[in-house]
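Residue-level listing of the chains:
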Amino acid sequence: MRVVAGVDLGGNAVNYTLMNREGQFLIEGLCEHPSLAKQGPEICLRQIEDGLKIAAEKSDVLFSEIVAVGLDTPGPASAAGLLSAKGSTNFVHLKWAGFDIREGLAQRLGKPVSYLNDGNAGALWGHFTIFGATGKETSISVVIGTGLGGGVILDGNVVKGRKGFGGELGHVLIPYQRIV
């Protein structure tokens, strides 16, 4: 069996899911563990690997049958998963500054990893749930959590934006100019 895994890494929890080739989720409910992100990349990436092994076991899937992983995190991060060098609320450990979390996890797991910010990932999940895997519709989602994020799915594709902030409905800096 070949499956793909989804990992939602937040400041408080890490959630895991597995999906087969037919688009069926193999885990009922949540496979969730408290997040160790504040302890730095080494501990956190090991936790993700350990959690994926638990999720696979829970689903009667061999870890080797996971062929790819989708990862999402809160921002700020680039569209490719490079965390901000200025820091982040959920990634306060100094070693996270400028860390390429997508590449770091891919190396740790020896599997390809794709990355989205959590707002875009939530929007994609909602779009998939409503329109299916092949839906070419357009949708907009507002994601309320620790912050206010969002996602835009245009013709079935995630709008990431040039620097990873596409669809960020709540984390947008609006230039302020005072008119005298």
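In the block above lies the structure referred to throughout.
Please read all numbers here as calculations on a predicted model, not as lab measurements.

Novice: Give me the side chain of Ser139: which residues, what numbers.
Specialist: Along the chain, Ser139 falls in strand 6 (residues 139-144). Given the relative accessible area of 14%, Ser139 is considered buried. Not counting the four nearest positions on each side in its chain, Ser139 is found in contact with His127, Phe131, Gly151, Val152 and Ile153.

Novice: Residue-level account of helix 1 (residues 41-58), with values.
Specialist: Between the first and last C-alpha of helix 1 there are 25 Å, a value that for 18 residues agrees with the 26 Å anticipated at 1.5 Å per step. Taken together, the buried positions of helix 1 are occupied by Pro41, Cys44, Leu45, Gln47, Ile48, Glu49, Gly51, Leu52, Ala55 and Ala56. Against strand 1 (3-9), strand 2 (13-19), strand 3 (31-34), strand 4 (66-73) and helix 2 (101-109) lie the buried residues of helix 1. Once helix 1 ends, the next one or two residues include Asp60, with phi positive near 55 degrees.

Novice: Would you mind going over the nonpolar core in detail, with residue names and values included?
Specialist: Ranked by internal contacts, the top residues of the largest apolar core, which has 30 residues, are Leu9, Ile48, Val69 and Ile101. Listed by contribution, the elements that provide at least two residues to this core are strand 1, strand 2, helix 1, strand 4, helix 2 and strand 5 (113-117). Here this core gets six residues from one element, more than from any other, and that element is helix 1.

Novice: I'd like a rundown of the packing of aromatic side chains, residues and numbers included.
Specialist: Applying the stated rule across the entire model yields three aromatic pairs. Ring geometry for Phe91 against Trp96: centres 4.9 Å apart, planes inclined by 70 degrees, an arrangement best described as edge-to-face. By the burial criterion, Phe91 is buried, and Trp96 matches it. These aromatic residues form a ring-pair network of at least three members: Phe91, Trp96 and Phe99. Note that Lys111 overlies the ring of Phe63, its terminal NZ or CZ placed 4.7 Å from the centroid.

Novice: Break down the sheet that holds strand 5 for me, with residues and values.
Specialist: What holds strands together in a sheet is hydrogen bonding between their backbones, with the strands either parallel or antiparallel. An order of 3-2-1-4-5 is seen for the five strands of this open sheet, with the pairing classed as mixed. Only two strands of the sheet have a single neighbouring strand rather than two, namely strand 3 and strand 5. Ignoring which end each strand starts from, the neighbouring axes of this sheet average 20 degrees apart. One ladder, built from six bridges, connects strand 1 with strand 4; its direction is parallel. Residue pairing for strand 4: Val3 is matched across the bridge by Ile66. Strands in contact with helix 1 are strand 1, strand 2, strand 3 and strand 4; relative to strand 2, the strand with the most contacts, it is inclined by about 40 degrees. Of the strands in this sheet, strand 1, strand 2, strand 4 and strand 5 touch helix 3 (residues 118-131), which is tilted by about 100 degrees from strand 5.

Procedures and definitions
- Residues numbered from 1 in each chain as written.
- Predicted model: local features only at pLDDT ≥ 70, side-chain atom pairs only at ≥ 80, totals over all residues.
- Heavy atoms only, no water.
- Helix = DSSP H or I, 4+ residues; strand = E, 2+ residues; numbered from the N terminus.
- Buried < 20%, exposed > 50% of the residue type's maximum accessible area, 1.4 Å probe, protein only.
- Contact = heavy atoms within 4.5 Å.
- Expected span 1.5 Å × (residues − 1).
- Core = buried A, V, L, I, M, F, W, Y, C linked by side-chain atoms within 4.5 Å.
- Phe/Tyr/Trp six-rings, centres within 6.5 Å; stacked < 30°, edge-to-face > 60°.
- Lys NZ or Arg CZ within 6 Å of the ring centre and 35° of its normal.
- Pairing = 2+ DSSP bridges.
- Axes fitted to C-alpha atoms, helices over the stretch in contact; angles between N-to-C directions.

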